[in-house]
Amino acid sequence: PCRCGWRGHPDRRCTCSPRDRERYVEKISGPLLDRVDLHVTVPPVEYEAMRRRETPESSAVVKARVDAARAVQAQRLAGSGAACNAQIAPAQLAGFCRLDSAGEKLMANAFQRMGLTARSHDRILRVARTIADLDGEAEIGAAHLAEAIQYRNTDILKG
Ligand SMILES: [Zn+2]
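Residues numbered from 1 in each chain as written. Predicted model: local features only at pLDDT ≥ 70, side-chain atom pairs only at ≥ 80, totals over all residues. Heavy atoms only, no water.

1. Things to note about the overall build of the protein
- Within the protein, the secondary structure is distributed over nine helices and zero strands.
- Moving toward the C terminus, one meets the helices and strands of the protein in the order α-α-α-α-α-α-α-α-α.
- If you line up the protein on its principal axes, its C-alpha atoms span 55 × 40 × 30 Å.
- Relative to its full complement of 159 residues, the protein shows a buried share of 29%. (Helix = DSSP H or I, 4+ residues; strand = E, 2+ residues; numbered from the N terminus. Buried < 20%, exposed > 50% of the residue type's maximum accessible area, 1.4 Å probe, protein only.)

Structure below.
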């Protein structure tokens, strides 16, 4: 999030000047950041939490879930020119990434509130479709869309 790397850390102190931080964010913000699908803040792992961790899901289990979601996508997108949700053309989004009325309302709100670009709007739709696929759902639900919108959160770079 900054040149020294400690910005937003709960215990360590960022030593960058406000101007340093602005310059750093300017380098990666705007059109470049707009092309990144998932913006996720990863907090530092506390020692105690790390020591008492439960056995994580194995990569094989995760891969099986991803493979299943991709197979569903390939079937849905057959003949469209796209192999997966990320490749859905803007003109085909309305057909492949339909929202119910709750979803439409949520998207309209987010668009206004977050000042989304057309590109980020389309990216959110594709990510929401993917989250629904990972969930094994035929339709994009409001929860899938809300999760996708949350991945556009770039507050750490703004504030
Ligand atoms: Zn810093």
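More follows now that the structure is in view.
2. What about a nonpolar patch on the surface?
- A cluster of nonpolar side chains, namely L38, V40 and V42, defines an oily patch on the protein surface of about 310 Å² accessible area.
- In this fold, L38 is placed in the loop between α2 (31-34) and α3 (47-51). (Patch = residues over 30% accessible without salt bridge, like charges linked within 9 Å, V, L, I, M, F, W, Y side chains within 5 Å. Areas by Shrake-Rupley, 256 points an atom, 1.4 Å probe, with all protein chains shown as cover. Salt bridge = Lys/Arg side-chain N within 4 Å of Asp/Glu carboxyl O.)

3. Quick word on the nonpolar core
- Judged by nonpolar contacts, the single largest core of 20 residues is most densely connected at I124 and L145.
- Of all the secondary structure elements, the ones that give two or more residues to this core are α6 (101-114), α7 (118-134) and α8 (142-150).
- Per-element tally for this core: the top contributor is α7, with six residues. (Core = buried A, V, L, I, M, F, W, Y, C linked by side-chain atoms within 4.5 Å.)

4. A few points about the packing of aromatic side chains
- Counted under the stated rule, the structure contains zero aromatic pairs.
- Above the face of the W6 ring, R12 is positioned so that its terminal group lies 3.9 Å from the ring centre. (Phe/Tyr/Trp six-rings, centres within 6.5 Å; stacked < 30°, edge-to-face > 60°. Lys NZ or Arg CZ within 6 Å of the ring centre and 35° of its normal.)

5. Thoughts on the coordination of the zinc ion
- Distances from the zinc ion to its protein donors, C2 (SG), C4 (SG), C14 (SG) and C16 (SG), fall within 2.3 to 2.4 Å.
- Linear spacing of the donor residues for the zinc ion on their chain is C-x1-C-x9-C-x1-C. Remark: C14 occurs in the segment before α1 (18-28) and C4 occurs in the segment before α1; sequence separation between them is 10 residues.
- Assessed through its relative accessible area of 27%, C4 is described here as partly exposed.
- Residue classification places C14 among the buried positions, given a relative accessible area of 15%. (Donors = N, O, S within 2.8 Å, 3.2 Å for Na, K, Ca; no water.)

These figures capture arrangement, not role.
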